[in-house]
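Listed here are the chains, written in short residue letters.
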Amino acid sequence: EVEQVCSQNEELRLPLHTSIVMFLLSYCECKSFKVFMVYTSSCSDAFRSQLPVPVGVSWVQLEDLPQLVRSCRLPAAVDESGRLCRAGLAVVLRHIIIKTTEEDPSRKDVLELLGFKKTCLKACAEVSKWTRLCEIGIPSAVEEHLLNPTNQVNRLPPSILTLEQRLAEPVKVHNDDKIRRQKLQEQRLRENEEKQICEASLGPSSQTSDGLELRAALAKLSVDSAPAAATRGSSEIRKVKTTALPPLEHVFAEGLYFTLTDVVLLPCIHQYLVRCSLQSHAARTLHQLPRLLRWYSRVREVPGVLKAAKDCGMILTVPQVPTSSLQETSGPDSPVSLLQQEEDEETTPQLAFVGGPRPTMTKLKENGIEAIFTLHPCPSWTLPWDSLPKAINPTEGKMSNIRSTRKMQQLNNLVAMVSKLASPGCTVVDFCSGTGHVGIVLAHTLPDCQIILIENKEESLVRAQRRSTELGLKNISFFQANLDYFTGLFHIGVALHACGVATDMVLGRCIQARAAFVISPCCYGFIQNAVKFTFPKSKRFQETLTHKEHMILCRFADQTAVQLPPERRLIGKHCMGLVDLDRSWAAEAHGYTVQVMTMEPESCSTKNNMLVGRPPQGIAQEIGSSQLETLVHNRSCECPAERLQDNQS
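Quantities reported herein were computed from a predicted structural model and do not represent experimental measurements.

Observations concerning the environment of Arg-569
- Among the secondary structure elements, Arg-569 is positioned in helix H23 (residues 566-588).
- Exposure remark for Arg-569: the relative accessible area of 29% places this residue in the partly exposed category.
- For the pair Arg-569 and Gln-559, spaced 10 residues apart in sequence, the C-alpha separation works out to 6.0 Å.
- With residues up to four places along the chain from it excluded, the contact list for Arg-569 reads Gln-559, Thr-560, Ala-561, Val-562 and Leu-564.

Below, the structure written as structure tokens:
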């Protein structure tokens, strides 16, 4: 993606997300991708010719992109089939690393970018504060600083200060005991040497500590040789308790080792430091970021980084700051301290829940709020499982017979509701699709509709694509992305057991698109305030309950396991109904008509609620108001069954 951005001295540059992708491609020396820069009609040839774009990159206009790519935020990567699109910065970067190591298994240094257990930046930004900071927070803050530097003369971006603070925290890495004992041994050896030459004992210096940790970090990046194992040293060192060992200091963003996080941060911090060094208050700014400057200097020492950066038009030069300016700020009014106070306020743990949900439920009842469940319009309807291809049936997976039977019952409910809402030409999005149980059934039973599967886990989505290929489905496509990165238009959103706030994210995306929805929530106990919404959501609930009281409902809504006493399960079901009532009222504030119903049979899942919503216009006009009315009042199963029979014939 390319957009026109000019600095004060008219220097042209690429957007940060684009610079990050290009830097990783250069660092990996990956040749398996055809890279296209996207530009709009307002972007002239003269402008494009001045940008620091590596050789081999092509240009394409926004209007000429495939529809699949136009339905997401860039950067994006499309596979050879043109039906699987990976969107979003972290997802695309991880895919580049995986493809590089598949083609060249000797690139251990590239594989190590994924970190311990290959989880670096794997969690989505809506759930992980760290991913949100690196993928969104810092790039956005630097972009804002580059566009409006004069607005931030007396104030450092909070996200930059957060990173500075993270670099000050002790490092915790897998099996760090050996490294910490080696650090203690080197500290004691240095103290003995100083005593022998009659020098004043100043204690272990930060430079010595940095040397050990930097050696350990760079050893892991070595392609030619494996890192030398650290020994525990003498028996005296081995006897030291773990709690008495010196802490490890940050070498890179996530600890000792160079990871994908450093790749994301480098172009951002480079642009930020370059801009700061041109301003009159440079010394004051850099004075507040001593750890960030050390990190920047260390990244330059990683083999291949300087060359990759140069290929992308970045000359990594550490800003020169007077020694006195590098003293760490630790006063009560320092920016880092102020930021810490803000974060402490945000992360202050809530008091433990006292008692059960009855006081909260009573309070709601006294205010005329009780759970409302709509009767299921077609409780006995079922898909013709015996005549469906085997690849559609959940029994073909790794599920047990009992679990696969319940999964089929759950699918019966969702497909019945979607079939009532859908009409030829509709686009149906299966959010949080997993391996595609819902989406693949819909693609088979609704051949005149376009089905899109969205899932963040690559393994699940690749398996879903394999199943759809086996079935020969042509009306299905796949997105590996977080929900926020899908921007396409659609008519119906569906989600089976979207965990915690994922249900609310799907609801929000459907409301934004004015689309109907069929959603089965799950994991109520994981509900918490997020970036885009807080709880309770509806006006009536907000006027009645505090946030803590609502969280009590969410916690006890998870108390529906079959092994619990019947009375306790009944309370859990009632709490589920109240939480989903709040969700439905929040949607109705946008003009929706929403019903909360129970899937049939109730035993198909302990989380058996289902929210069915219709927008005020759009799809309601397409399929007719009379047909939509049957969603509430029609108790027969003729409508979806007849439609499926017609499709199969």
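There is more to say after this.
Some thoughts on helix H18 (residues 437-445)
- Counting buried positions along H18 gives eight out of nine residues, so the element sits mostly inside the fold.
- Three or more residues of H18 are buried, namely His-437, Val-438, Gly-439, Ile-440, Val-441, Leu-442, Ala-443 and Thr-445.

Structural notes on the environment of Val-264
- Examined against the element boundaries, Val-264 turns out to sit in helix H11 (residues 260-277).
- With relative accessibility at 1%, the residue Val-264 sits in the buried group.
- Considering only alpha carbons, one finds Val-264 and Leu-16, 248 residues apart in sequence, at a separation of 9.1 Å.
- Discounting residues that sit within four places of it in the chain, Val-264 has contacts with Ile-20, Leu-89, Leu-93, Leu-121 and Cys-134.

Looking at the confidence of the model for the chain
- On average, residues of the chain score 81 in pLDDT, and 77% of them reach the 70 mark or higher.
- Contacts of residues 324-353 to residues separated by more than four positions or lying in other chains number 39 contacts, the stretch itself having pLDDT below 50.
- Counting interchain partners and residues more than four positions distant, the pLDDT-below-50 stretch residues 620-649 has 64 contacts.

Let's talk about the packing of aromatic side chains
- Counted according to the given criterion, the structure contains 10 aromatic pairs.
- Ring centres of Phe-533 and Phe-535 lie 5.9 Å apart, and the angle between their planes is 75 degrees; this geometry places the pair in the edge-to-face category. For the pair shown, Phe-533 and Phe-535 are each scored as buried.
- Members of the aromatic cluster, each reached through a chain of ring pairs, are Phe-23, Tyr-27, Phe-252 and Phe-258.
- Residue placement shows Lys-537 over the ring face of Phe-533; its charged tip is 5.5 Å from the ring centre.

What counts, and where the lines are drawn
Residues numbered from 1 in each chain as written. Predicted model: local features only at pLDDT ≥ 70, side-chain atom pairs only at ≥ 80, totals over all residues. Heavy atoms only, no water. Helix = DSSP H or I, 4+ residues; strand = E, 2+ residues; numbered from the N terminus. Buried < 20%, exposed > 50% of the residue type's maximum accessible area, 1.4 Å probe, protein only. Contact = heavy atoms within 4.5 Å. pLDDT = per-residue confidence, 0-100. Phe/Tyr/Trp six-rings, centres within 6.5 Å; stacked < 30°, edge-to-face > 60°. Lys NZ or Arg CZ within 6 Å of the ring centre and 35° of its normal.

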